[in-house]
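Residues per chain are reported as follows:
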Amino acid sequence: MQANVDFKQLVEGAGDAIMVCDAQGAITLWNRAAERIFGFTEAEALGQSLDMIIPQRQRQRHWDGYHKTMETGITKYGADLLRVPALHKDGHTLSIAFTVSMLFSQSREVTGIVAIVRDETTRFAEERKLRARLQEAEATIKGDS
C-alpha cells in the first residue's frame, strides 16, 4: 500500500534543511529549515550558487567533487554523514552535517542532487570543550605521577 504523502508539506515541515541543486550547482529548492539555518530566504537562495554557504577555502574542493559527482552519477555521501564548515548569511561560521542523494531523469541522466542538512554548531562546540577538558585532566594526571 502506498502512502498518500504531501511532499511539499513534508519538505516544508522538516526540521533539517532540504536543498536541491541542479547539475550546474544552482539552488532549485530551499526549505524553511534552510532559511533558519543559513539565514537566506528562499527568494535569496533560489537560482544562486552554493558558494553563498561554502567558506572560500572549501570551494575548490567542493566544486571538484560536485562536478565529478554530476559526471559519474555516483556519490560517496549517500549514506555517510559528511561534516563540514558552512557560512551563515551574517558571515558567522556553522558546523553542518549532511547526506546527499542523486536525482536522475527517466533516462538515468543526472539532473541534480538533494542534501539533507543539520546544524551541529552547538554540538561541535560542546565536543571541542569536552576534548579540551579531557586533555587538561590527562595533563594534570601525568603531572601528578
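Going by the annotation in an unreviewed UniProt entry, the name recorded for the protein chain is PAS domain S-box-containing protein, with Variovorax paradoxus given as the source organism.

Student: Help me understand the layout of surface pockets in this model?
Tutor: Gaps left between atoms show up when a probe the size of a water molecule is rolled over them. The computed volume of the largest pocket comes to approximately 830 Å³. Lining the largest pocket are 29 residues; nearest its centre among them are H62, Y66, Y77, L82 and F98. Looking at the lining of the largest pocket, the elements with two or more residues in it are β1 (17-22), α4 (56-72), β3 (82-87), β4 (93-104) and β5 (110-119). Top element by residues in the lining of the largest pocket is α4. It accounts for eight residues. Partitioning the lining of the largest pocket into residue classes produces 19 nonpolar, six polar and four charged.

Student: What am I meant to see in the UniProt feature "domain: PAS" (unreviewed entry) in the protein chain here?
Tutor: Here, the residues flagged by UniProt with the feature "domain: PAS" (unreviewed entry) are residues 3-73. Strand forms 14% of residues 3-73 and helix 49%; the C-alpha atoms that close the span are 28 Å apart.

Student: What exactly am I supposed to notice about the packing of aromatic side chains here?
Tutor: Note on aromatic pairs: each is described by the distance of the centres and the angle between the planes. The tally for this structure, following the rule as stated, stands at two aromatic pairs. Pairing W30 with F38 gives two aromatic rings, centres 5.6 Å apart and planes at 40°, and the pair type is tilted. Both residues of the pair, W30 and F38, count as buried. Ring centres 5.2 Å apart and planes at 65° place the aromatic pair W63 and Y66 in the edge-to-face group. Taken together, the residues W63 and Y66, both in helix α4 and three residues apart, mark about one turn of the helix. With a relative accessible area of 13%, W63 lands in the buried category.

Student: Explain the nonpolar core here, please?
Tutor: Proteins that are soluble and globular tend to have nonpolar side chains buried together. M19, W30, F38, L50, I53 and V117 are the most contacted members of the largest nonpolar core, which has 28 residues in total. Going through the elements one at a time, β1, β2 (27-30), α2 (32-38), α4, β3, β4 and β5 are the ones with two or more residues in this core. With five residues, β4 is the single largest residue contributor to this core. Those residues within four positions of I53 in sequence are excluded, and the remaining contacts are M19, W30, F38, F40, A86 and L87.

Student: Help me understand the pairing of β4 in this model?
Tutor: Along a regular strand, successive side chains alternate from one face of the sheet to the other. Summarising the sheet, β3 and β4 pair through six bridges and their orientation is antiparallel. Considered in β4, the bridge of A86 is made with L94. Hairpin connection, β3 to β4: the antiparallel pair is bridged by five residues, and G91 has positive phi, about 100°. Sheet topology note: the β4/β5 ladder contains nine bridges and is antiparallel. Within β5, the position partnered with M102 by the bridge is I113. In sequence, β4 turns back onto β5 through a hairpin of five residues, with R108 there showing a positive phi of about 65°.

Student: Please clarify how the sheet that holds β3 should be interpreted in this entry.
Tutor: The strands making up a sheet associate through hydrogen bonds between their backbones, and the pairing can be parallel or antiparallel. One open sheet accounts for five strands, arranged β2-β1-β5-β4-β3; its pairing is antiparallel. Edge strands, defined here as strands with exactly one partner in the open sheet, are β2 and β3. On average, each strand axis in the sheet is tilted by 35° relative to the strand beside it, whichever way the strands run. Seen against the sheet, α4 touches β1, β3, β4 and β5 and runs at an angle of roughly 135° to β5. Helix-sheet contacts for helix α5 (residues 121-144) involve β3, β4 and β5, and the interaxial angle to β4 is about 130°.

What counts as what
- Residues numbered from 1 in each chain as written.
- Predicted model: local features only at pLDDT ≥ 70, side-chain atom pairs only at ≥ 80, totals over all residues.
- Heavy atoms only, no water.
- 1 Å grid on protein atoms, 1.4 Å probe; cavity = no way out; pocket = protein on both sides within 12 Å on 5 of 7 lines; lining within 4 Å.
- Points joined across faces, edges and corners; volume = space filled by probe spheres on them.
- Helix = DSSP H or I, 4+ residues; strand = E, 2+ residues; numbered from the N terminus.
- Nonpolar A, V, L, I, M, F, W, Y, C, P; charged D, E, K, R; others polar.
- UniProt positions renumbered as here; feature names shortened; annotations may be inferred.
- Phe/Tyr/Trp six-rings, centres within 6.5 Å; stacked < 30°, edge-to-face > 60°.
- Buried < 20%, exposed > 50% of the residue type's maximum accessible area, 1.4 Å probe, protein only.
- Core = buried A, V, L, I, M, F, W, Y, C linked by side-chain atoms within 4.5 Å.
- Contact = heavy atoms within 4.5 Å.
- Pairing = 2+ DSSP bridges.
- Axes fitted to C-alpha atoms, helices over the stretch in contact; angles between N-to-C directions.

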